Amino acid sequence: QVQLVESGGGLVQPGGSLRLSCAASGRIFRLNVMGWYRQPPGKQRELVADYTSVGTTNYADSVKGRFTISRDNVKRTAWLQMNSLKPEDTAVYYCNAKGTSTLIENFEVWGQGTLVTVSS
């Protein structure tokens, strides 16, 4: 079993910043990709950013230049630094991880989600 625990959501004013964190634990042999997705109210879940085990990152066009994903492979933790937040960034943010378990089985797991509300 692999689990993800997220933290860091909340209410912030437009232009403000928040930092989300996601810690992975359990029967992990290798973490390949850690990423963040979000689901705005009434919309589908979408990729925000992800970070591969070899150090490449990928961002949605809507967050480029404002959000930064980082990762610590030893701590098995990923962070999403969100700056210059806009009301349209309001969503439930989910951490996602893909990798291989100690049973040498591929896995994909999701965090419980954390609500980010950008409003004055």
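Calculation rules
- Residues numbered from 1 in each chain as written.
- Predicted model: local features only at pLDDT ≥ 70, side-chain atom pairs only at ≥ 80, totals over all residues.
- Heavy atoms only, no water.
- Helix = DSSP H or I, 4+ residues; strand = E, 2+ residues; numbered from the N terminus.
- Buried < 20%, exposed > 50% of the residue type's maximum accessible area, 1.4 Å probe, protein only.
- Polar contact = N/O pair within 3.5 Å; in protein donor to acceptor, adjacent residues only side chain to side chain.
- Disulfide = S-S within 2.5 Å.
- Phe/Tyr/Trp six-rings, centres within 6.5 Å; stacked < 30°, edge-to-face > 60°.
- Lys NZ or Arg CZ within 6 Å of the ring centre and 35° of its normal.
- Salt bridge = Lys/Arg side-chain N within 4 Å of Asp/Glu carboxyl O.

Asks: What is the right way to read the environment of E108 from this model?
Replies: If you trace the backbone, E108 turns up in strand β10 (residues 106-110). You can call E108 partly exposed: its relative accessible area is 44%. Among the polar contacts listed, one links the side chain of E108 to the side chain of N96, at a separation of 3.0 Å.

Asks: Would you mind showing me how to read the state of the cysteines here?
Replies: Disulfides are covalent bonds that link the sulfur atoms of two cysteine residues. Applying the stated rule across the entire model yields one disulfide. A disulfide bridge connects C22 with C95, and the sulfur atoms are separated by 2.0 Å. On the sign convention where negative means left-handed, the S-S torsion of about -80° between C22 and C95 marks this disulfide as left-handed. Taken together, the residues span a long stretch of sequence, with C22 in strand β3 (residues 18-26) and C95 in strand β9 (residues 91-101) at a distance of 73 residues. With a relative accessible area of 0%, C22 lands in the buried category.

Asks: What's the story with the packing of aromatic side chains in this structure? I'm lost.
Replies: Scanning all chains against the criterion turns up two aromatic pairs. On the numbers, 5.0 Å between centres and 65° between planes, the contact of Y37 with W110 is edge-to-face. Linking Y37 in strand β4 (residues 28-39) with W110 in strand β10, this pair joins segments that are 73 residues apart in sequence. A residue is classified by how much of its surface remains accessible, and W110, at 35% relative accessible area, is partly exposed. Here the aromatic rings of Y94 and W110 are separated by 6.5 Å at their centres, their planes lie at 85°, and the arrangement is edge-to-face. You can see Y94 sitting in strand β9 and its partner W110 sitting in strand β10, a full 16 residues away along the chain. Members of the aromatic cluster, connected to one another through ring pairs, are Y37, Y94 and W110. Geometry around W110 places R45 over its ring, the cationic atom sitting 4.5 Å from the centre.

Asks: Would you explain the pattern of salt bridges in this entry?
Replies: Two side chains that carry opposite charge are able to pair once their charged atoms sit near each other. Counting across every chain of the model gives five salt bridges. With a shortest N-O distance of 3.1 Å, D61 and K64 are connected by a salt bridge. When its relative accessible area of 65% is taken as the criterion, D61 is described as exposed. We note a salt bridge from D89 to R66, for which the minimum N-O separation is 2.8 Å. Taken together, the positions of D89 in the loop between β8 (77-82) and β9 and R66 in the loop between β6 (57-59) and β7 (67-72) put the pair 23 residues apart, joining distant regions of the chain. By relative accessible area, D89 is classed as buried at 0%. Via salt bridges that share partners, R38, E46, R66 and D89 belong to a single interconnected network.

Remember that the coordinates give geometry; whether it matters functionally is a separate question.
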